[in-house]
Amino acid sequence: MKLPKIYILLFFIGLIISGINPKEYFTWFLEVSPAIIGLLILVFSYKKFQFTNFTYLFILIHCYILFLGGHYTYAEVPLFDWIKETFEHSRNNYDKVGHFAQGFVPAMITRELFIRKNVVANKNYFNFIIVAICLAISGAYEWIEWWISIGTGEGGDAFLGTQGYVWDTQSDMLLATIGACSMIILLSKKHDAAINNLIL
């Protein structure tokens, strides 16, 4: 199986467009860095392990969520400004989409690795471990946001993106957990089919 070239092309198109006159370049760099790091990991590990195209597609979607957030900053994505005003929300909630994806897509990646590498022998713990790993990733990302904000002062505030919401960190981790659970509940069968097609 080969990674469709269109996915790689779309990645770079999204990255380049995202980097054209963003709100601020420092925040843009911080927000798109996970996508760039992810691409490098996938490229360097490709000869040893190839994911299904189904998983690659969702990785690309996650990258686009990062690109959009990087371009505008998560607190100022226009569509979610409109949602904020229309439904009288107290903040722009685009960052919650990002944190939902931060659980959803890593759950798919972890699940595929676990299945194909037969990592978890006791299947009773299979889904629990996947969700726990996604929550750990989310918690680690919150640490990174915290450290960058402390280290850069005002420059990191847009990256932190709390918008004055005191429970921002906790709600971010909750959304990641919901995202991981949603992936398992909604797409496990389709994911299994994609994995079986790849193996066969």
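Since the model is a prediction, treat every value here as computed from it, not as a measurement.

A.B. asks: Where do I start with the state of the cysteines in this structure?
C.D. replies: Disulfide: a covalent bond connecting the sulfur atoms of a pair of cysteines. Going through the model one piece at a time under the given rule, you end up with zero disulfides. Lacking any disulfide linkage, Cys63 is separated from the closest cysteine sulfur, that of Cys134, by 16 Å. For Cys63, a relative accessible area of 7% puts it in the buried group. Just so you know, Cys181 is unpaired, no disulfide at all, and the nearest cysteine sulfur is the one on Cys134, 8.8 Å from it. Judged by its relative accessible area of 32%, Cys181 is partly exposed.

A.B. asks: In this structure, what is going on with helix 1 (residues 5-18)? I would like to understand it.
C.D. replies: An α-helix turns once per 3.6 residues; consequently, residues spaced three or four apart project the same way. The end-to-end C-alpha distance of helix 1 is 20 Å, a good match for the 20 Å that 14 residues give at a rise of 1.5 Å each. Every buried residue of helix 1 is listed here: Tyr7, Phe11, Gly14, Leu15 and Ser18. All buried residues of helix 1 lie within an arc of 100° about the axis, which places them on one face of the element. Those residues of helix 1 that are exposed and aimed more than 90 degrees away from the buried face are Lys5, Ile16 and Ile17. On the buried face of helix 1, the contacting elements are helix 2 (25-44) and helix 3 (53-72).

A.B. asks: Where do I start with the side chain of His99 in this structure?
C.D. replies: Relative to the helices and strands, His99 is located in helix 5 (residues 94-117). Those residues in contact with His99 that lie beyond four places of it in its chain are Tyr141, Glu142, Glu145, Asp172, Leu175 and Ala176.

A.B. asks: Just checking my understanding: could you explain unusual backbone geometry for this structure?
C.D. replies: Phi is positive for Thr73, which is not a glycine, with a value near 75°. Positionally, Thr73 belongs in the loop between helix 3 and helix 4 (78-86).

A.B. asks: When you look at the pattern of salt bridges in this model, what are you seeing that I'm missing?
C.D. replies: Where charged atoms from two side chains of opposite charge approach closely, those side chains can pair. Scanning all chains against the criterion turns up six salt bridges. Residue Arg116 pairs with Glu112 through a salt bridge whose shortest N-O separation is 2.8 Å. Of this pair, Arg116 and Glu112 are both found in helix 5, four residues apart, which corresponds to roughly one turn of the helix. Relative accessible area serves as the criterion here: at 27%, Arg116 is assigned to the partly exposed category. Glu112 gets classed as buried once you look at its relative accessible area, which sits at 0%.

Quick notes on the rules
- As a convention, each chain's residues are numbered from 1 in the sequence order in which they are written.
- The predicted origin of the model limits local features to residues at a pLDDT of at least 70 and limits the giving and counting of side-chain atom pairs to 80 or more, whereas totals for whole chains, interfaces and linings rest on all residues.
- Side-chain metrics rest on all non-hydrogen atoms present in the structure, leaving aside hydrogens and water.
- Defined by distance alone, a disulfide is two cysteine sulfur atoms within 2.5 Å.
- Throughout this description, buried means an accessible area under 20% of the type-specific maximum (1.4 Å probe, protein chains only), exposed means over 50%, and partly exposed covers the range between.
- Going along the chain from the N terminus, every DSSP run of H or I of four or more residues is numbered as a helix, and every run of E of two or more is numbered as a strand.
- A helix is expected to span 1.5 Å multiplied by its residue count minus one.
- What the arc describes is the spread of directions from the helix axis to the C-beta atoms.
- Whether two residues touch is decided by their heavy atoms; if any such pair falls within 4.5 Å, the residues are in contact.
- Should a side-chain nitrogen of Lys or Arg be within 4 Å of a carboxyl oxygen of Asp or Glu, the pair is scored as a salt bridge.

Interpretation note: all reported values are geometric properties and have no functional meaning in isolation.
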